[in-house]
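# Architecture at a glance
Chain by chain, the residues:
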Amino acid sequence: MKRILLLVAVFVVSNAFAATVKQTTLGYTYVELNKASYQAVEIGTSVIVITKKGMVRPYTGVEISAPIFFDSKGSNLQDAENKGSGYGVALQVPLIFGLDIGGFYIQAMGGYNIGWLNDSLKNVPSGAQIGALKTAKTKTISQGFIYGGGLGYVFNSNFTLGLRYIKGSMQNEIINEPTSAAIEKKYKTNYTKIMALIGYNF
């Protein structure tokens, strides 16, 4: 009974002093995995709980976003060159902690990223002649923890503009049999993401 009363009290207090905001975002994302880079259109949705009143309003929440990759450059595989036609999708689920200061906001983020990447590579075996070029098509799962931050501004019309900078470390595994010579199927990379976004608060 005490637990039920405690939950009711927390619910009443949270509704009295805080508001729930839902946000949908659309943005451009640039991702680096060591020597490889990808461009993406990213779609996300988040739910945050923010203090109702005050010049400085703390908030916390959770987000789910999906970068859709449409271009790639570089490669982390030895003796390989990217043909520039990579594509794929990722799923990111970070927790959000931030401050809203008169419409301007700054936030910290931390969570998990998993991506499915498809690349077409030119494989050049060490010491091979030009005639020995072969094509390797790889399907890679890339996953790991991410952390970073963002800043932006929320307009009176409920639209928001923002920038994000995210870091992390990814474990990568090629899950298909590449149509080329032997390729190392498991490897680790650093993760860097820069994102510019526009959003709308409901």
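Refer to the preceding data block for the structure.
In this report, the structure presented in the accompanying data block is examined. (Residues numbered from 1 in each chain as written. Predicted model: local features only at pLDDT ≥ 70, side-chain atom pairs only at ≥ 80, totals over all residues. Heavy atoms only, no water.)

Our focus in this paragraph is the overall build of the protein. The helix and strand inventory of the protein stands at one helix and nine strands. In the protein, the succession of α and β elements from N to C terminus is α-β-β-β-β-β-β-β-β-β. When the 202 residues of the protein are sorted by exposure, 40% land in the buried category. By sequence separation, contacts in the protein at least 24 residues apart represent 66% of the contacts at least 6 residues apart. For the protein, the accessible area works out to roughly 11,700 Å², and carbon and sulfur atoms hold 66% of it. (Helix = DSSP H or I, 4+ residues; strand = E, 2+ residues; numbered from the N terminus. Buried < 20%, exposed > 50% of the residue type's maximum accessible area, 1.4 Å probe, protein only. Contact = heavy atoms within 4.5 Å. Areas by Shrake-Rupley, 256 points an atom, 1.4 Å probe, with all protein chains shown as cover.)

This next bit is on the layout of surface pockets. As a volume, the largest pocket reaches approximately 470 Å³. Lining of the largest pocket is provided by 24 residues; of these, Val-21, Ile-48, Asp-100, Val-154 and Asn-201 occupy positions nearest its centre. Listing elements by their share of the lining of the largest pocket, those giving two or more residues are β1 (18–33), β2 (36–51), β3 (56–73), β5 (87–101), β6 (104–123), β7 (134–154), β8 (159–174) and β9 (186–201). Split by residue class, the lining of the largest pocket holds eleven nonpolar, nine polar and four charged. (1 Å grid on protein atoms, 1.4 Å probe; cavity = no way out; pocket = protein on both sides within 12 Å on 5 of 7 lines; lining within 4 Å. Points joined across faces, edges and corners; volume = space filled by probe spheres on them. Nonpolar A, V, L, I, M, F, W, Y, C, P; charged D, E, K, R; others polar.)

Turning our attention to empty space enclosed by the protein. Overall, the coordinates contain three cavities of 30 Å³ or more when judged by the stated rule. One number sums up the size of the largest cavity: a volume of about 120 Å³. Ala-36, Tyr-38, Asn-76, Asp-119 and Tyr-187 are the residues nearest the centre of the largest cavity, which is lined by 16 residues in total. Elements represented by at least two residues in the lining of the largest cavity include exactly β2, β6, β7 and β9. Counting residues per element, the lining of the largest cavity draws most heavily on β6, at three residues.

What the rule picks out here adds up to six aromatic pairs. Aromatic pair Phe-159 and Tyr-200: ring centres 4.9 Å apart, planes at 65°, arrangement edge-to-face. Pair noted here: Phe-159 is in strand β8 and Tyr-200 is in strand β9, with a separation of 41 residues, a long-range link. An aromatic cluster is built from Phe-104, Tyr-153 and Phe-155, whose rings are joined through pairwise contacts. (Phe/Tyr/Trp six-rings, centres within 6.5 Å; stacked < 30°, edge-to-face > 60°.)

Under the definition given, this model contains three salt bridges. For Glu-42, the salt bridge is made with Lys-193, and the minimal N-O distance between the two is 2.9 Å. Separated by 151 residues along the polypeptide, Glu-42 in strand β2 and Lys-193 in strand β9 bring together distant segments of the chain. The class for Glu-42 is buried, based on a relative accessible area of 1%. With a relative accessible area of 2%, Lys-193 lands in the buried category. (Salt bridge = Lys/Arg side-chain N within 4 Å of Asp/Glu carboxyl O.)

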